[in-house]
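Spelled out, the chains give:
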Amino acid sequence: MESHNENKGYIIKSAEFLTSAGSRKEYPEAVMPEIAFAGRSNVGKSTLINCLVNRKKLVKTSNTPGRTQRINFFEVNNVLRFVDLPGYGYAKVSKKMRAEWEKMIEDYLLKRSNLCCLVWIMDIRRDVAEFEHNFALWLTQNNINHINVLTKADKFSKSKQIAQKKKIALKLNIDEDLLITASGIKGTGKEEVWEKILNFAGVLND
Ligand code: GDP
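Calculation notes
Residues numbered from 1 in each chain as written. Predicted model: local features only at pLDDT ≥ 70, side-chain atom pairs only at ≥ 80, totals over all residues. Heavy atoms only, no water. Helix = DSSP H or I, 4+ residues; strand = E, 2+ residues; numbered from the N terminus. Contact = heavy atoms within 4.5 Å. Areas by Shrake-Rupley, 256 points an atom, 1.4 Å probe, with all protein chains shown as cover. Pairing = 2+ DSSP bridges. Axes fitted to C-alpha atoms, helices over the stretch in contact; angles between N-to-C directions. Buried < 20%, exposed > 50% of the residue type's maximum accessible area, 1.4 Å probe, protein only.

Trainee: Is there a simple way to think about the overall build of the chain in this case?
Mentor: A count of helical and extended segments in the chain gives five helices and seven strands. Secondary structure elements of the chain, listed N to C terminal, follow the sequence β-β-α-β-β-α-β-α-β-α-β-α. The contacts of the chain with a sequence gap of at least 6 include a subset with a gap of at least 24, amounting to 75%. Split by element, the accessible area of the chain, about 11100 Å² in all, is 50% carbon and sulfur.

Trainee: Before we go on, may I ask you to explain the sheet that holds strand 3 (residues 71–76) in this structure?
Mentor: Each strand in a sheet pairs with its neighbour through backbone hydrogen bonds, running either in the same direction (parallel) or in the opposite one (antiparallel). Taken in spatial order, the seven strands line up as 1-3-4-2-5-6-7 in an open sheet, and their pairing is mixed. What marks the edges here is a single partner per strand, and that holds for strand 1 (15–21) and strand 7 (179–181). Along the sheet, successive strands turn relative to each other by an average axial angle of 25°, direction set aside. Sheet topology places strand 3 next to strand 4 (residues 80–84); five bridges connect them, and they run antiparallel. Among the inter-strand pairings, V76 is bridged to a residue of strand 4, identified as L80. Packed onto the sheet, helix 1 (residues 45–52) meets strand 2 (34–39), strand 4, strand 5 (115–123) and strand 6 (146–151) and runs at close to 150° relative to strand 2.

Trainee: Honestly, the pairing of strand 3 in this entry has me stumped. Any pointers?
Mentor: In summary, the side chains of a regular strand alternate between the two faces of the sheet. Most of strand 3 is tucked away, with five of its six residues classed as buried. Of the pairings in the sheet, the one linking strand 1 to strand 3 comprises six bridges and is antiparallel in character. By the bridge assignment, E16 is partnered in strand 3 with E75. Count of turn residues in the strand 3/strand 4 antiparallel hairpin: three residues, of which N77 carries a positive phi of about 55°.

Here it is in structure tokens:
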């Protein structure tokens, strides 16, 4: 299905579900650049992906907690892929499920040859959880390119957004400029996220 519209950042000609994988052997062939997306469950990851590709329901929002977790691959414009990693951290999941999640994510992020960058999503309203802090460190230690997005910004006033961004940067011990304020519902930050994605992917915006 074609859609030529108001897309800020990158013209989306096509965005389609490709496949879903429960383990490495089910990954599609590594033939084009991949951009992965991760964050805690309910952070707004599906909404942000849908916003980036101008689709309302390419990725189903609000997955049921505790379900078998899989990695979903989507193809955009036949030149790059979005890879939706399972959300982290339902309070109720068992230790076993958490360990499975970690293994799945690590397997993908550390070994996927065509991974260009990870879009790491946090909720601007929430304090940085210990897990998020550790994960950010882990990304840096393992030289995984990443784009930090603070989503749901529309729920805060502009001044609150600025204050919270400062606070989160401090907590993560990174420069504020490395945090993109966004809203998957309003489309805020979309242009900036796309610019970074295309840069990492080496794809021209033509
Ligand atoms: P996921 O579990 O990370 O994929 O999160 P979803 O995209 O399903 O979003 C979880 C809930 O947060 C849903 O009710 C969304 O409508 C809401 N949500 C997601 N992004 C935003 C946003 O940018 N602004 C607001 N106000 N709500 C959002």
